[in-house]
Amino acid sequence: MLIVQVCVGSSCHLKGSAEIVELLQKAVEEHHIEDEVTLAGSFCIGKCNRVGVTIQVEDDVHVGITRDNFREFFNKNILNVIQAERK
Ligand code: FES
């Protein structure tokens, strides 16, 4: 199970964390990986960025996630990781 925490602290909230949560939920459904990913919110992870939202995947913190780079982030850090775990 992959734990994905989207920061909903005030800085990330202003930069669109609600939208990123929505994109994440949709992408997870689309790929039918609901049983393999746990989505959660988190308070400020301490990595507020000038642009975008902070997302923590297990112990890795990714900053600057926006709707534009979301797919890239998702494929690389979530989908790939899950596919690798299956092998
Ligand atoms: S508010 Fe998200 S990292 Fe600080």
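Nothing here was measured: the structure is a model prediction, and the numbers come from that model.

**Structural notes on helix H3 (residues 70-86)**
Here H3 spans 23 Å end to end across 17 residues, near enough to the 24 Å set by a 1.5 Å rise per residue. Taken as a whole, H3 has its buried residues at Phe70, Phe73, Phe74, Asn77, Ile78, Leu79 and Ile82. As for H3, its buried residues are in contact with strand S1 (2-7), helix H2 (17-30), strand S2 (37-42), strand S3 (53-57) and strand S4 (60-65).

**Brief notes about the side chain of Thr54**
Tracing the backbone shows Thr54 in strand S3. Given the relative accessible area of 1%, Thr54 is considered buried. At a separation of 3.4 Å, a polar atom in the side chain of Thr54 contacts the main-chain carbonyl oxygen of Lys47. Non-local contacts of Thr54, meaning those with residues more than four positions away in its chain, are made with Gln5, Val6, Cys7, Cys12, Ile45, Lys47, Val61, His62 and Val63.

**What about the nonpolar core?**
Within the largest apolar cluster, 21 residues are counted, with the highest numbers of intra-cluster contacts made by Val4, Ile33, Ile55, Phe70, Phe74 and Ile78. Of all the secondary structure elements, the ones that give two or more residues to this core are S1, H2, S3 and H3. With six residues, H3 is the single largest residue contributor to this core. Beyond its immediate sequence surroundings of up to four residues, Ile33 is in contact with Val28, Phe74, Ile78, Leu79, Ile82 and Arg86.

**Section: the side chain of His62**
Among the secondary structure elements, His62 is positioned in strand S4. Discounting residues that sit within four places of it in the chain, His62 has contacts with Val53, Thr54, Ile55, Val57, Phe73 and Asn77.

**Some words on the packing of aromatic side chains**
Aromatic ring pairs are described here by two measures, namely the spacing of the ring centres and the angle between the planes. The final tally for this structure, using the stated rule, is two aromatic pairs. Taken together, a centroid distance of 6.4 Å and an interplanar angle of 45° make the contact between Phe70 and Phe73 tilted. Linking Phe70 with Phe73, this pair stays in helix H3, spanning three residues, or about one helical turn. Here Phe70 matches Phe73 in class, with each residue buried.

**Concerning unusual backbone geometry**
At His32, a residue that is not glycine, the phi angle is positive and equals roughly 55°. In this fold, His32 is placed in the loop between H2 and S2. The class of His32 is exposed, set by a relative accessible area of 62%. Phi is positive for Glu58, close to 55°, though the residue is something other than glycine. In this structure, Glu58 sits in the loop between S3 and S4. The class of Glu58 is partly exposed, set by a relative accessible area of 34%.

What counts, and where the lines are drawn
- Once a new chain begins, its residue numbering starts again from 1 and follows that chain's sequence as written.
- Selection of residues for local features in this predicted model requires a pLDDT of at least 70, selection of side-chain atom pairs for listing and counting requires 80 or more, and totals for whole chains, interfaces and linings are taken over all residues.
- For side-chain calculations, the full set of non-hydrogen atoms in the structure is used, while hydrogens and water are omitted.
- Strands are runs of DSSP state E lasting at least two residues, helices are runs of H or I lasting at least four, and both sets are numbered from the N terminus onward.
- By this rule the span expected of a helix is its residue count minus one, scaled by 1.5 Å.
- Exposure is judged per residue with a 1.4 Å probe applied to protein chains only, and the accessible area is read against the type maximum: over 50% gives exposed, under 20% gives buried, and values in between give partly exposed.
- Note on contacts: a residue pair is in contact if any heavy atoms of the two residues lie within 4.5 Å.
- Throughout this description, a polar contact denotes any pair of N or O atoms lying within 3.5 Å of each other; where both atoms belong to protein, one of them has to be capable of donating a hydrogen while the other can accept it, and for residues adjacent in sequence the pair is counted only when both atoms sit in side chains.
- Side-chain atoms within 4.5 Å link the members of a nonpolar core, which is a set of buried Ala, Val, Leu, Ile, Met, Phe, Trp, Tyr and Cys residues.
- Each aromatic pair joins two rings of Phe, Tyr and Trp (for Trp, the six-membered one) with centres within 6.5 Å, and gets the label stacked for planes under 30 degrees apart, edge-to-face for over 60, and tilted for any other angle.

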